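Structural features, examined
Single-letter residue listing:
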Amino acid sequence: MSVNALESRLPEPLAGESARALREWQDDGKHARVWSRHAGLWTGTDEAKWMGWLDVIERQLARAPEFSAFQGEIKKAGFSHALLLGMGGSSLCPEVLRLSFAKTPGFPQLLVLDSTDPEQILSFERRIDAAKTLFIVSSKSGGTLEPNILMDYFWAAAQKALGEGKAGAHFVAVTDPGSALEKIAKERGFRRVFHGEPAIGGRYSALSDFGMVPAAVMGLNVAKFLEAARAMQEACKSPRLSENPGAVLGTILGTAARRGRDKATFIASPGIRGLGAWLEQLLAESTGKEGKGVIPVDGEPSVAPKIYGADRLFVYLRLEGASDPAQDDEAAALEKAGHPVARVRVADAYHLGQEFFRWEIATAAAGSLIGIDPFNQPDVEASKIETKALMDKYEKTGAFPGESPIFEEGGVKLFTDGAGAKSLSGAEKTLSGYLRAHAARWKKDDYFALLAYLEMNPEHEKILNAARRALLEKTGAAVCLGFGPRFQHSTGQAYKGGPATGVFLQITADPAQDVPVPGKKYAFGAVKAAQARGDFAVLSQRGRRILRVHLPGAKSLGVFAEALRRALA
């Protein structure tokens, strides 16, 4: 089977340094040490225990008949939809598959819910009939807050639609053996429990059951998908590293990051546009720590090549036979202007499994070059701890600790920390004035990140992408966009633990309608608010430059966008 091609055009001195790094890997036998799971290639701690992804394809192919039988079972049941409830590594691969493959006749349409935003939850609930929906609860640890409360919410909805004792047949769990979720699934009589592998971390789990169970539910040919991935796996074993697609990409990524080209910017063909979000998590959580790492940038509006800074590495994810001519021209123009561009040519959607494996190998290699452990996520837990403390307070008192805005205009409130208040003290006392002053905290080779705790929908994405373009055109800086809380399980690690070069704008809003969490004294709106405030606190503790814009409702997002436009004019 053919392997997706990789081509790169790199300017000097990056080209020479990448070539030297690849030769060193060859001469020192470092790539062989990846396959032998030698922890000394990274930090010499527990890396070896997290490398089950290297040979998961063979184990999954051996289970092809099991996936096929499960597929037949789901088809016979006649579900109209399958709603996956998960976060981070448990949801991003299924989202790639959902966006890349057309609905298979006779199989349910897959939807992925990875948010605690009440309006997003309600919008998904309106799209399905609970009596005809299969719910996939996906959580490696089985103790993650978001999938657990989403499970309880839709369990209640299914019981209401189907009657007591019938909801279990509409639920499937994917979780590690012995988890709390497995126990609940057995108690409630779930249709099936599929196991993750303890030796595979969430962001490396695409080819395990966390990706392949949703693929089977969608009606995809799982064996075909895995066979294609195996071709890439074999190519990534090649001892001739100049022909090894994972080693070549990994040395480019790692060398670029060490040279300050640490903003990996993705351009993706429309048919595989979901791949960028999966790559964001893989790169950010794996490399963004100890003040180092790659800052991935997905879905950023394109501008003239001269606007971009010298901190970029562009990656063009091109779907062969279905590419966008404008994107072809964009990549060519970037190369002509002297920017480094790597082109990944994806043969078709069934070859996406090849990219899952290639990028896992490449990320592990890049992590070694950068000098970090690519399998831990030391800063993710910090936000969870802050969120839990806030929720404990809320459950006891019915309110969060008080906070005072530094400015208010037309119902829009601004919050910052002590360093921010000092930095913004000379700002013009208008919303635009404060946004202008915060944007001015940017320095050369910094990046901006818009962290929006709002429903992720086309309207909000359009408004926020216009804001990204305005910031990019004004400063030339990379501008990331994350919807909360899902980004906390993805790029959040790099924002808190990676290079201290981010300027953050957190956007929150009062919900138009809240949704109670069954069996709890709080609603989803309170959870989302705690997650935003908890993440803000950790970003502040890490010395990040952050301003929070709180809106009276999501409908006021345009007010923020217009104020930012004026601020940058």
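For the structure itself, consult the block above.
Residues numbered from 1 in each chain as written. Predicted model: local features only at pLDDT ≥ 70, side-chain atom pairs only at ≥ 80, totals over all residues. Heavy atoms only, no water.

Attention now goes to empty space enclosed by the protein. Within this structure, the stated rule accounts for two cavities of 30 Å³ or more. By volume, the largest cavity amounts to about 40 Å³. Every residue along the wall of the largest cavity is listed here: D117, E119, L454, E455, A509, D510, P511, K528 and A554. The residue inventory of the lining of the largest cavity, partitioned by class, reads four nonpolar, no polar and five charged. For the lining of the second largest cavity, the class distribution of residues is four nonpolar, three polar and two charged. (1 Å grid on protein atoms, 1.4 Å probe; cavity = no way out; pocket = protein on both sides within 12 Å on 5 of 7 lines; lining within 4 Å. Points joined across faces, edges and corners; volume = space filled by probe spheres on them. Nonpolar A, V, L, I, M, F, W, Y, C, P; charged D, E, K, R; others polar.)

Before going further, it helps to examine the pairing of strand 4 (residues 133–138). Residues in a regular strand project their side chains so that they alternate between the two faces of the sheet. The buried fraction of strand 4 is high, at six of six residues. Residues of strand 4 alternate between two faces, with T133, F135 and V137 on one and L134, I136 and S138 on the opposite face, all of them buried. In terms of strand pairing, strand 2 (residues 81–85) meets strand 4 through five bridges, oriented parallel. Bridge pairing in strand 4 places H81 opposite T133. (Buried < 20%, exposed > 50% of the residue type's maximum accessible area, 1.4 Å probe, protein only. Helix = DSSP H or I, 4+ residues; strand = E, 2+ residues; numbered from the N terminus. Pairing = 2+ DSSP bridges.)

Among soluble globular proteins, nonpolar side chains are generally buried collectively. With 90 residues, the main nonpolar core has W53, L207, W278, L317 and W359 as its most contacted residues. Per-element tally for this core: the top contributor is helix 14 (residues 352–370), with 11 residues. Leaving out residues up to four positions away in the same chain, L317 has contacts with F266, I267, A268, S269, I272, L275, L279, V344 and W359. (Core = buried A, V, L, I, M, F, W, Y, C linked by side-chain atoms within 4.5 Å. Contact = heavy atoms within 4.5 Å.)

With that settled, consider the sheet that holds strand 8 (residues 295–298). Spatial strand order, 1-10-9-7-8: five strands in an open sheet with mixed pairing. Only two strands of the sheet have a single partner each, and these edge strands are strand 1 (5–9) and strand 8. Neighbouring strand axes in the sheet, compared pairwise and without regard to direction, differ in orientation by 20° on average. Pairing between strand 1 and strand 10 (residues 341–346): five bridges, direction antiparallel. Following the sheet pairing, L6 is matched in strand 10 by V344. Across the sheet, helix 13 (residues 325–336) lies against strand 1, strand 7 (263–268), strand 9 (312–319) and strand 10, angled at about 150° from strand 10, the strand it touches most. (Axes fitted to C-alpha atoms, helices over the stretch in contact; angles between N-to-C directions.)

We now examine the sheet that holds strand 2. In spatial order, the strands read 3-2-4-5-6; together these five strands make up an open sheet with parallel pairing. In this open sheet, the two strands that pair with only one neighbour each are strand 3 (109–113) and strand 6 (192–195). Neighbouring strand axes in the sheet, compared pairwise and without regard to direction, differ in orientation by 20° on average. Examined bridge by bridge, strand 4 and strand 5 (residues 171–175) share four bridges and lie parallel to one another. Residue pairing for strand 5: S138 is matched across the bridge by V174. Against the sheet, helix 5 (residues 92–100) makes contact with strand 2 and strand 3, and its axis sits at roughly 140° relative to strand 3, the strand it touches most. Along the sheet, helix 8 (residues 180–188) contacts strand 4, strand 5 and strand 6; its crossing angle with strand 5, the most-contacted strand, is approximately 160°.

The next point concerns the side chain of H550. Note on placement: H550 falls in strand 16 (residues 545–551). A distance of 2.9 Å separates polar atoms of two side chains, one belonging to H550 and the other to D510. Setting aside anything within four residues of it in sequence, one finds H550 in contact with G411, V412, K413, F415, T508, A509 and D510. (Polar contact = N/O pair within 3.5 Å; in protein donor to acceptor, adjacent residues only side chain to side chain.)

Moving on, we come to helix 20 (residues 524–541). When the terminal C-alpha atoms of helix 20 are compared, their 26 Å separation across 18 residues agrees well with the 26 Å that a helix rising 1.5 Å per residue should span. By the criterion of burial, helix 20 is predominantly enclosed, with 14 of the 18 residues buried. Positive backbone phi, approximately 75°, marks G543, located one or two places after helix 20. (Expected span 1.5 Å × (residues − 1).)

Let's shift gears to the environment of V303. Tracing the backbone shows V303 in the loop between strand 8 and strand 9. Its relative accessible area of 11% is what places V303 among the buried residues. With 170 residues separating them along the chain, V303 and E473 place their C-alpha atoms 7.4 Å apart.

This part takes up the environment of P305. Inspection of the secondary structure puts P305 in the loop between strand 8 and strand 9. In this structure, the C-alpha to C-alpha distance between P305 and H339, residues 34 residues apart in sequence, is 8.0 Å. Dropping the residues within four chain positions of it, P305 is found in contact with A333, L334, A337 and H339.

Right, let's talk about the layout of surface pockets for a bit. Volume-wise, the largest pocket comes out at about 1,200 Å³. R273, D298, G299, M456 and E461 are the residues nearest the centre of the largest pocket, which is lined by 47 residues in total. Every element with two or more residues in the lining of the largest pocket is listed here: helix 5, strand 3, helix 6 (118–127), strand 7, helix 12 (275–287), helix 13, helix 18 (458–475) and strand 14 (478–483). The biggest single contributor to the lining of the largest pocket is helix 5, with five residues. Taken together, the residues of the lining of the largest pocket sort by class into 21 nonpolar, 13 polar and 13 charged.

For the structure on display, the rule yields 27 aromatic pairs. Ring geometry for W278 and F356: centres 4.7 Å apart, planes at 55°, overall tilted. With W278 in helix 12 and F356 in helix 14, this pair connects stretches of sequence that are 78 residues apart. Like F356, W278 is buried. When the centroid spacing of 4.7 Å and the interplanar angle of 40° are considered together, the rings of Y394 and F400 count as tilted. By way of ring pairs, the aromatic residues F135, Y153, F154, W155, F171, F190 and F524 are connected into one cluster. Geometry around F124 places R127 over its ring, the cationic atom sitting 5.2 Å from the centre. In this arrangement the basic side chain of R548 is found over the ring face of F415, its NZ or CZ atom lying 4.5 Å from the centre. (Phe/Tyr/Trp six-rings, centres within 6.5 Å; stacked < 30°, edge-to-face > 60°. Lys NZ or Arg CZ within 6 Å of the ring centre and 35° of its normal.)

Where helix 10 (residues 222–235) meets helix 14, the closest approach of the two axes is 7 Å, and the angle between their N-to-C directions is 40°. Here helix 10 runs over helix 14; the crossing is right-handed. In this structure, helix 10 contributes F225, A228, A229, A231, M232 and Q233 to the contact, and helix 14 contributes L352, G353, Q354, E355, F356, F357 and R358. When its residues are assigned to classes, the contact of helix 10 with helix 14 shows eight nonpolar, three polar and two charged. (Left-handed = near helix turned anticlockwise from the far one by under 90°.)

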